[in-house]
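Commentary on secondary and tertiary structure
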Amino acid sequence: MGQPRLKIAIQKSGRLQEDSLQMLKECGISIDNGKDQLKAQARNFPLDVLYLRNSDIPQYVQDDVAHLGIVGENLLVEKQKDIQKVLPLGFSKCRLSIAVPKEMDYAGPAWLNGKRIATSYPVALKGFLKEKNLTADIHEISGSVEIAPGIGLADAVCDLVSSGSTLFKNNLEEKEVLFKSQACLVAGNIPKKLEATYQQLIFRLESVLEAKNNKYLLMNAPNDKIEEIIKILPGMKSPTVMPLATEGWSSVHTVINEQKFWDIIGKLKNHGAQGILVIPIQKMIL
Ligand code: PRP
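Residues numbered from 1 in each chain as written. Predicted model: local features only at pLDDT ≥ 70, side-chain atom pairs only at ≥ 80, totals over all residues. Heavy atoms only, no water.

1. Points about the state of the cysteines
In protein chemistry, a disulfide is the covalent bond that joins the sulfur atoms of two cysteines. Summed over all chains, the structure comprises zero disulfides. Counting only cysteine sulfurs, Cys-184 is the nearest neighbor of Cys-27, a cysteine outside any disulfide, at a range of 15 Å. A residue is classified by how much of its surface remains accessible, and Cys-184, at 0% relative accessible area, is buried. (Disulfide = S-S within 2.5 Å. Buried < 20%, exposed > 50% of the residue type's maximum accessible area, 1.4 Å probe, protein only.)

Structure, rendered in structure tokens:
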């Protein structure tokens, strides 16, 4: 009997698949991704990948067919299964929204009362309508939802919006955001014999995610400004300061959260920082 293997379910086809495999790759896990393959083994980690239909993944994880899954958070709201959200993965960001034809005089959610709304997400939509004390006729359809108003099937849609281009092409305007969503790792029951492998995978994923949120920052600065520059930097720890070959100048290195970089860049320049470099980090172990 070989080493026990973790099983992770990912989307068979669709927008989450490529990023899910990429994330595993960044965790140092190589998977042979043959076309039309339904199952693949990682070569260098005790992990099997099951390629499944997106909407079936929560059920398979609940039933222990797969120990883990990568799905959109929106699907968790919709499927209401007994599985645990472990980690948001930072990709496939979108929102579940209600949109109506552009020419409509939409003044607020009350407009939806008594209307026909097409959606693939009836559970989330029902929740929204209930919360707003509204009654509407929900038309559940499994795809191409945005076409529904144009062909007279519905007055509004409730669907995922990412770039907004599908809404635009169908002459629809986003009016209500029910919630925001992104890809996440979900888990069912992890058998004891797989606990260590599971923890190892989580550790790798967290290191990759942490690295994505942070950047390595380098700059040159005159020595008499170093103290002020250090005060501006919101780094993890004290920055590294190294003398440059040019007398009176140093190189300052630190790691900062990418979001914060744009807030402080102007201040760094005003305090004499030059040659500022921002470099991606591959892995970050805290
Ligand atoms: C989703 C969603 C929208 C579209 C929105 O469909 O249902 O149709 O993406 O994206 P956009 O705002 O960037 O245009 P997806 O392509 O995931 O396929 P689906 O029809 O199977 O849901």
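From this point, the discussion proceeds with the structure in view.
2. Thoughts on the sheet that holds strand E7 (residues 116–119)
A sheet is described by the order of its strands in space; here five strands give the open sequence E8-E7-E9-E6-E10, paired in mixed fashion. At either margin of the open sheet sits one strand with a lone partner, and together these are strand E8 (137–140) and strand E10 (172–181). The sheet shows a mean angle of 25° between the axes of neighbouring strands, direction not considered. Inspection of the sheet shows E7 paired to strand E9 (residues 156–161) by three bridges, in the parallel sense. (Pairing = 2+ DSSP bridges. Helix = DSSP H or I, 4+ residues; strand = E, 2+ residues; numbered from the N terminus. Axes fitted to C-alpha atoms, helices over the stretch in contact; angles between N-to-C directions.)

3. Thoughts on the pairing of strand E12 (residues 214–222)
Most of E12 is tucked away, with seven of its nine residues classed as buried. Bridge analysis of E12 against strand E14 (residues 249–257) gives nine bridges, and the strand direction is antiparallel. When the bridges of E14 are listed, Ala-221 appears paired with Ser-250. Of the pairings in the sheet, the one linking E12 to strand E15 (residues 274–280) comprises five bridges and is antiparallel in character. Its bridge partner being in E15, Leu-217 is matched across the sheet by Val-278.

4. Thoughts on the packing of aromatic side chains
All told, the structure shown has two aromatic pairs when counted by the stated rule. For the pair Tyr-106 and Trp-111, a centre-to-centre distance of 5.6 Å together with 55° between the ring planes defines the contact as tilted. Side by side, Tyr-106 and Trp-111 carry an identical accessibility label, which is buried. The lysine or arginine in question, Lys-115, covers the ring of Trp-111, its NZ or CZ lying 4.3 Å from the ring centre. (Phe/Tyr/Trp six-rings, centres within 6.5 Å; stacked < 30°, edge-to-face > 60°. Lys NZ or Arg CZ within 6 Å of the ring centre and 35° of its normal.)

5. Quick notes on helix H4 (residues 122–131)
The periodicity of an α-helix, 3.6 residues per turn, causes residues three or four positions apart to be oriented the same way. Among the residues of H4, those classed as buried are Pro-122, Ala-124, Leu-125, Phe-128 and Leu-129. The buried residues of H4 occupy one face: seen down the axis, they fall within an arc of 160°. Of the residues in H4, the exposed ones pointing more than 90 degrees away from the buried face are Lys-126, Lys-130 and Glu-131. Buried-residue contacts for H4 involve helix H3 (73–79), strand E6 (94–101), E7, E8, E9 and E10. (Arc of directions from axis to C-beta. Contact = heavy atoms within 4.5 Å.)

6. Re the domain arrangement of the chain
Assigned domains within the chain: domain 1 (6–91 + 182–190), domain 2 (94–181) and domain 3 (214–280). When each unit is reduced to the centre of its C-alpha atoms, the spacing between domain 1 and domain 3 is 39 Å. (Domains from an automatic or database assignment.)

7. Thoughts on the site of the ligand
Every residue near the ligand is listed here: Arg-15, Glu-146, Asp-159, Leu-160, Val-161, Ser-162, Ser-163, Gly-164, Ser-165 and Thr-166. Within the side chain of Ser-163, an N or O atom sits 2.6 Å from an oxygen atom of the ligand. Within the contact set of the ligand, an oxygen atom lies 3.4 Å away from a side-chain nitrogen or oxygen of Ser-165. At three residues, E9 tops the list of elements feeding residues into the shell around the ligand. Split by residue class, the shell around the ligand holds two nonpolar, five polar and three charged. (Near = heavy atom within 4 Å. Polar contact = N/O pair within 3.5 Å; in protein donor to acceptor, adjacent residues only side chain to side chain. Nonpolar A, V, L, I, M, F, W, Y, C, P; charged D, E, K, R; others polar.)

8. A look at the pairing of E8
Taken together, the four bridges between E7 and E8 define a ladder with parallel strand orientation. The residue bridging Ile-117 from the neighbouring strand is Ile-138, located in E8. Handedness of the crossover is the feature at issue here: the chain leaves E7, passes through H4, returns alongside E8, and the resulting connection is right-handed. (Right-handed = clockwise from strand over helix to strand, strands pointing away.)

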